[in-house]
Amino acid sequence: MTTIDQSASIAANTPREVHYDVHIDLDSCTACGLCEAFCPVDVFEMQGGLPVAVQPDLCWGCETCAGQCPTAAIRVNCREGAAPFADRPKADPLPTEKVELYREWSKTLKDILGLRWNPVAISLIPAGDPLPDVPIPKERLRYCQSLMAARRGRSIMMPANRHACPDGTAILGLTELPAKLASGELYILFHKLHDIEAAKRMVLERPCLEPRTIDATVVTPLDSAATEPQVIAVVAQPEQAMWLLMSSSYYSGLRHELNASGYNAQCVETTLLPYTTGKLNVSFGCYGCRASSDVGDDLMFVGIPVDLMPTIIAGLRELGSRAIPQSRNKIYLPPM
Ligand code: SF4
Ligand code: SF4
């Protein structure tokens with residue numbers, strides 16, 4: 001096996017202080033160039049048709065290259081077994097009253113709306129903060145896949161090197177956005193937008209956190225949250241999403257200005273917009289999450305900032321006492 005070992009230096013108990021080696025198995029490499037395109041810090045350059053790690057010291061172990069390589073030709077190892085976050089203190093468990101509150105919210109949402117899936121608690125862990133006691137998966141997952149797994153009952157914490165989608169990883173503040181995604185070039189290559197101007201605009205119009213301000217994403221079923229969530233995601237049928245919108249307006253009468261595009265649904269529309277604006281948002285999903293998860297074609301997504309939850313739960317209880325059962329009983333159907 002032909003390999004190239006490229007030394008790299010990164011993070012200590014932050015990923016940046018750990019040192020990494022990048023191994024490329026040139027016998028498996030098909031010279032597709034995806035590692036060069038997707039490395040967020042330009043470690044690779046194609047030379048003579050083959051990838052070379054020309055800036056190994058910039059590598060910080062996000063493993064985007066390994067995740068994108070179609071032939072699994074790349075391994076990224078931290079040296080001397082110094083795993084990132086090894087000495088990071090663990091966060092205190094949630095206080096009992098919070099655990100009980102989140103369980104109650106989850107039960108109310110499920111019972112009144114008749115949700116099939118668990119509402120999901122989403123936490124973006126700021127760089128340097130203690131990490132909650134939530135399992136890190138062995139496999140790499142897209143952020144949307146982790147959300148879909150959490151609605152089925154799984155609790156997942158993902159630092160950058162467990163994220164499989166370079167777009168979502170950068171949008172959520174775990175890495176830099178790779179240059180060819182930032183320029184829109186890759187969206188044209190993958191036939192997702194008409195031209196480079198449209199692609200650039202789509203990238204510019206979406207929110208994106210500062211690179212490496214977030215150390216990990218955490219998703220858990222709301223009734224087993226392990227840390228304070230910032231956003232609650234509900235996977236719902238349109239009728240259930242409608243009642244959530246009405247619950248949110250029940251005391252104020254306010255209408256909603258929703259922000260959706262079909263691009264970057266779970267990272268931008270369900271998570272980051274509620275996180276950055278403090279407003280509820282509804283998403284129809286995106287081609288990425290629909291292609292990479294088992295979410296049903298009849299389902300959509302509601303992202304709720306946690307601060308709005310008490311109002312929404314109170315409004316939902318009011319609507320659930322009469323309006324929802326009456327509507328579901330079709331009381332306005334004309335006599336046949
Ligand atoms: S992504 Fe993998 S197959 Fe493609 S050039 Fe890089 S190492 Fe080779
Ligand atoms: S993609 Fe990440 S792991 Fe791979 S070389 Fe670049 S920084 Fe290092």
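Residues numbered from 1 in each chain as written. Chains lettered and ligands numbered in written order. Predicted model: local features only at pLDDT ≥ 70, side-chain atom pairs only at ≥ 80, totals over all residues. Heavy atoms only, no water.

K.L.:
Just checking my understanding: could you explain the packing of aromatic side chains for this structure?
P.N.:
The geometry of an aromatic ring pair comes down to the distance between the two centres and the angle between the two planes. Following the criterion strictly, the structure yields three aromatic pairs and no others. With a centroid separation of 5.4 Å and an interplanar angle of 50°, the aromatic rings of tyrosine 102 and tryptophan 105 are classed as tilted. You can see tyrosine 102 and its partner tryptophan 105 sitting in helix H3 (residues 96-113), three residues apart, about one turn around the helix. Between tyrosine 263 and tyrosine 287, the ring centres sit 6.0 Å apart and the planes meet at 80°, which makes this aromatic pair edge-to-face. Of this pair, tyrosine 263 sits in the loop between helix H9 (238-249) and helix H10 (265-277) while tyrosine 287 sits in helix H11 (residues 287-292), and the two are 24 residues apart along the sequence. Assessed through its relative accessible area of 37%, tyrosine 287 is described here as partly exposed. The residue whose ring lies beneath arginine 212 is tryptophan 60, and the NZ or CZ to ring-centre distance is 4.1 Å. (Phe/Tyr/Trp six-rings, centres within 6.5 Å; stacked < 30°, edge-to-face > 60°. Helix = DSSP H or I, 4+ residues; strand = E, 2+ residues; numbered from the N terminus. Buried < 20%, exposed > 50% of the residue type's maximum accessible area, 1.4 Å probe, protein only. Lys NZ or Arg CZ within 6 Å of the ring centre and 35° of its normal.)

K.L.:
Would you take a moment to explain the site of ligand 2 for this structure?
P.N.:
Near ligand 2 there are 13 residues, and of these Cys39, Cys59, Cys62, Glu63 and Cys65 occur at the shortest range. Here the residues of the shell around ligand 2 are counted per class, giving ten nonpolar, two polar and one charged. (Near = heavy atom within 4 Å. Nonpolar A, V, L, I, M, F, W, Y, C, P; charged D, E, K, R; others polar.)

K.L.:
I keep staring at the nonpolar core and nothing clicks. Help me out?
P.N.:
Residues Phe44, Ile74, Ile122, Leu147 and Val219 are the most contacted members of the largest nonpolar core, which totals 53 residues. Looking at which element gives the most residues to this core, the answer is helix H4 (residues 143-151), with six residues. Mapped onto the domain boundaries, this core takes at least three residues apiece from domain 1 (3-81) and domain 2 (96-323). Non-local contacts of isoleucine 122, meaning those with residues more than four positions away in its chain, are made with Tyr143, Leu147, Val218, Val219, Pro229, Gln230, Val231, Ala233 and Thr271. By size, the runner-up hydrophobic cluster in this structure holds 27 residues, among which are Tyr102, Ile232, Trp243 and Leu244. (Core = buried A, V, L, I, M, F, W, Y, C linked by side-chain atoms within 4.5 Å. Domains from an automatic or database assignment. Contact = heavy atoms within 4.5 Å.)

By themselves, these observations are geometric and do not establish any function.
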